[in-house]
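# A structural walkthrough
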Amino acid sequence: MLQFIREIELFRDLADDEYARLAQVVQVLNLNAGDYLFEQNRPRRALFIVREGEIELLRNDTFDGNRHIITFGKNDFLGEGAFLDDSPHSTSARALTDATVFSIARSTFLQLLEEDSAVVMKVLPRVAQAMARRMQEATTRVVSEAAQYVSGRTRDEHDLLGHRAVPQESYYGIQTLRGVENFSITGVPISHYPRLIEALAMVKMASAQANAALGLIPEEIASAIVRAGRDVLQGKLHNQFVLDMIQGGAGTSTNMNANEVLANRALEVLGRERGDYQYCHPNNHVNYSQSTNDAYPSALKIAMINSNKELVRELKELIDSLHAKGREFDHVLKMGRTQLQDAVPMTLGQEFEAYAVTLTDEIERLNYQASLLLQLNMGGTAIGTGLNTAAEFGERSIHFLREISGLKVTLGKNLIEETQDTGSFVMYSSTLKHLAIKLSKLCNDLRLLSSGPRAGLNEINLPKMQPGSSIMPGKVNPVIPETVNQIAFKVMGNNTTVSMAAEAGQLELNVMEPVIAACILESIQMLKNGIVTLKHRCIDGITANEDVCWRYVQNSIGIVTALSPLLGYEVCSKLAKEALESKRGIYDLVVEQKLLSKEELDTVLDPKNMLKPQVRPKS
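Everything numeric in this text was worked out from a predicted model, so none of it was measured. (Residues numbered from 1 in each chain as written. Predicted model: local features only at pLDDT ≥ 70, side-chain atom pairs only at ≥ 80, totals over all residues. Heavy atoms only, no water.)

## Observations concerning the overall build of the protein chain
Defined as follows: By definition, any uninterrupted DSSP run of H or I lasting at least four residues is a helix, any uninterrupted run of E lasting at least two residues is a strand, and each is numbered from the N terminus. Atoms considered for the radius of gyration are the C-alpha atoms alone. The globule rule reads 2.2 Å times the number of residues to the power 0.38. Here's how the labels work: a residue is buried when its accessible area is under 20% of the maximum for its type, exposed when over 50%, partly exposed in between, all with a 1.4 Å probe on protein chains only. Residue contacts are counted whenever heavy atoms from the two residues lie within 4.5 Å of one another. Shrake-Rupley sampling with a 1.4 Å probe provides the accessible areas, and residues are treated as covered by the protein chains on show and by no other component.
Check the secondary structure of the protein chain and you find 21 helices and 16 strands. A globule of 619 residues ought to have a C-alpha radius of gyration of about 25 Å, yet the protein chain, at 34 Å, is considerably larger. Reported as C-alpha extents along the three principal axes, the dimensions of the protein chain are approximately 120 × 65 × 35 Å. Buried positions account for 51% of the 619 residues belonging to the protein chain. Of the contacts formed within the protein chain by residues at least 6 apart in sequence, a portion of 72% connects residues at least 24 apart. A total accessible area of about 28,700 Å² is found for the protein chain, and carbon and sulfur atoms account for 51% of it.

## Let's talk about the packing of helix α14 (residues 423–449) against helix α15 (residues 479–503)
Helix packing for two helices is described by the angle between their axes and how far apart those axes are. Put simply, the rule is: To obtain an axis, a line is fitted to C-alpha atoms, over the contacting stretch when the element is a helix, and the angle between two such axes runs from 0 to 180 degrees between their N-to-C directions. Roughly parallel means an angle under 35 degrees; roughly antiparallel, over 145; roughly perpendicular, 65 to 115; everything else is oblique. For any helix crossing, the convention is left-handed if the near helix is rotated counterclockwise from the far helix by under a right angle, and right-handed if that rotation is clockwise.
Two elements in contact, α14 and α15, have axes separated by 8 Å at closest approach and are oriented at 160°. The orientation of α14 with respect to α15, classified from their angle, is roughly antiparallel. In the packing of α14 onto α15, the handedness of the crossing is left-handed.

## Observations regarding empty space enclosed by the protein
Our working rule: Grid points spaced at 1 Å and placed over the protein atoms alone form the basis of the search, with a cavity being a set where a 1.4 Å probe fits but cannot get out and a pocket an open set showing protein on both sides within 12 Å along at least five of seven lines. Lining residues have an atom within 4 Å of a point. Grid points are joined across faces, edges and corners, and a volume is the space filled by probe spheres set on the points.
Applying the stated criterion across every chain yields a total of 1 cavity of 30 Å³ or more. Approximately 50 Å³ is the volume found for the largest cavity. Lining the largest cavity are Pro 297, Ser 298, Lys 301, Gln 375, Leu 376, Asn 377, Glu 418, Thr 419, Asp 421, Phe 425 and Glu 513. Counting residues per element, the ones that place at least two in the lining of the largest cavity are α10 (292–328), β13 (375–376) and α13 (415–420).

## Topic: helix α8 (residues 252–269)
Which entries qualify depends on this criterion: A helix's residues, less one, multiplied by 1.5 Å, set its expected span.
Across its 18 residues, α8 extends 25 Å between first and last C-alpha, which sits within 8% of the 26 Å expected from 1.5 Å per residue. Burial within α8 is extensive, with 15 of its 18 residues counted as buried. Looking at the residues trailing α8, positive phi occurs at Gly 271, about 80°.

## A short note on the pairing of strand β11 (residues 333–338)
Within a regular strand, the side chains alternate between the two sheet faces. Rules: Two strands are counted as paired when DSSP detects at least two bridges linking them.
The sheet contact formed by β11 and strand β12 (residues 341–347) spans 5 bridges and is antiparallel. Counted as the bridge partner of Thr 338 is Gln 341 from β12. Taking the residues that link successive antiparallel strands as the turn, the β11-β12 hairpin has 2 residues, and the phi of Gln 339 there is positive, at about 55°.

This is how it looks when you write it as structure tokens:
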């Protein structure tokens, strides 16, 4: 028992006599599978340490019943809050298997405080640290509810700044831990963008394979790194990428987050403990032949290319919906408008078809700009000179990266230029802005065309999504187009940030790449989500008010434009003015003034004849 107690995080560094004193107050509990260690809403009575077996933490919800949160195993402890107060448990703990658990009752601990306060004073700070770690997981980077129930155990890691205790469950290490502490900025972790995490894994997998092929790292270690990367590509370990998207250091923290996660997972593959870096080191193995300055931007580009594919796919779906509306509304005559004034007739179908075409143009622009991101600087290391890597590494890593990613990535012609230049990011961001502007214009039009319904244009009806006012009964707002408008504004702002960040690059490296990454990936995701919402919750459900559209055509002065080639501009201007002043129709005035025969007029003023080019000789 003494040796086991020595291994527990809370009791580290006690003296031999203090361990002996503590062992005297430990109770041994033998549980059968299904037995409860403690139950939700019951007072905290003891600290529990798992000796053997598995203990499941679960929560009872009113609607869902018992819900699994996390499983604790050997050396894990839970219920340490009992040493500070007896507040009710927020969860229950149940044995998944037959288990042996050591218990120290709260009452016994308080008695120990009276008899040997020195032991208690050493234990309590570690209790507080364990609880603080759980709270930090729950509040700053929680990806799942299980994060706040880490076991409390730690492992000691060190870097050039000293030693730190890293949570035992974590696959990340000390440098990631420092990055989390330094960069609590946006609350958006890099794991918010799965394509970025996958791209980081791809770069590390390709590098490991290239290093092994060149004899630079052992094949066994390279295979373990590749296996770890494959886990990430399958969606595992994403919650271990905990750093904020905005960070100093040109992405070094993100690169080290990837290095540490893959190293610790590779150690498990090799049958070693996390943190046992002599067998697979984040820098010496996972990061070998690389620098943040080539690995990070290469991963960013791959992430953006794959994210662009998703954006284009959703954009095509929206375009299909607009084409469908174009066909559905092809027979609906309406007035076109310029400068918000009546112009000439058109069909509602032509209007929606134009929206489809303008967005189709954006697909070509997006794909072209994304293709410029295929050029990488792998093997350039710190500034593009290739220091600390083999001459063949760049091409070898690109070869493996093509196989892993399925992308036709290439190596830049001049790696020094490729390392410092962010021009491809700027161009792609500008294309996102271009798309945002077009989407916003489309949404402006939808809001105008559906305005009213009694005192606006009211030519179309948008699907009713929700009540529009807390004070005006019956009001329904165009909330979906409004949302997309706001997305567009954010994308435009992000593009400005990207431009400023690209300009701020100095000498051999642009250290502002993290904010470039944050802005572009956010813009892609917001546009993609906005497009999906616009299609399914707005465009697909639009209906036309055909009677309203036809009434506008009949009453419009704009149809006089069709008479201009026959009667001349001056005559038509007088007709328009007289029609406005007398509130009479153009048709009646032309017949009355015998400017054209009724048959000629019927042909010319047929709205269907005004929907395409017509050549009419002057009379």
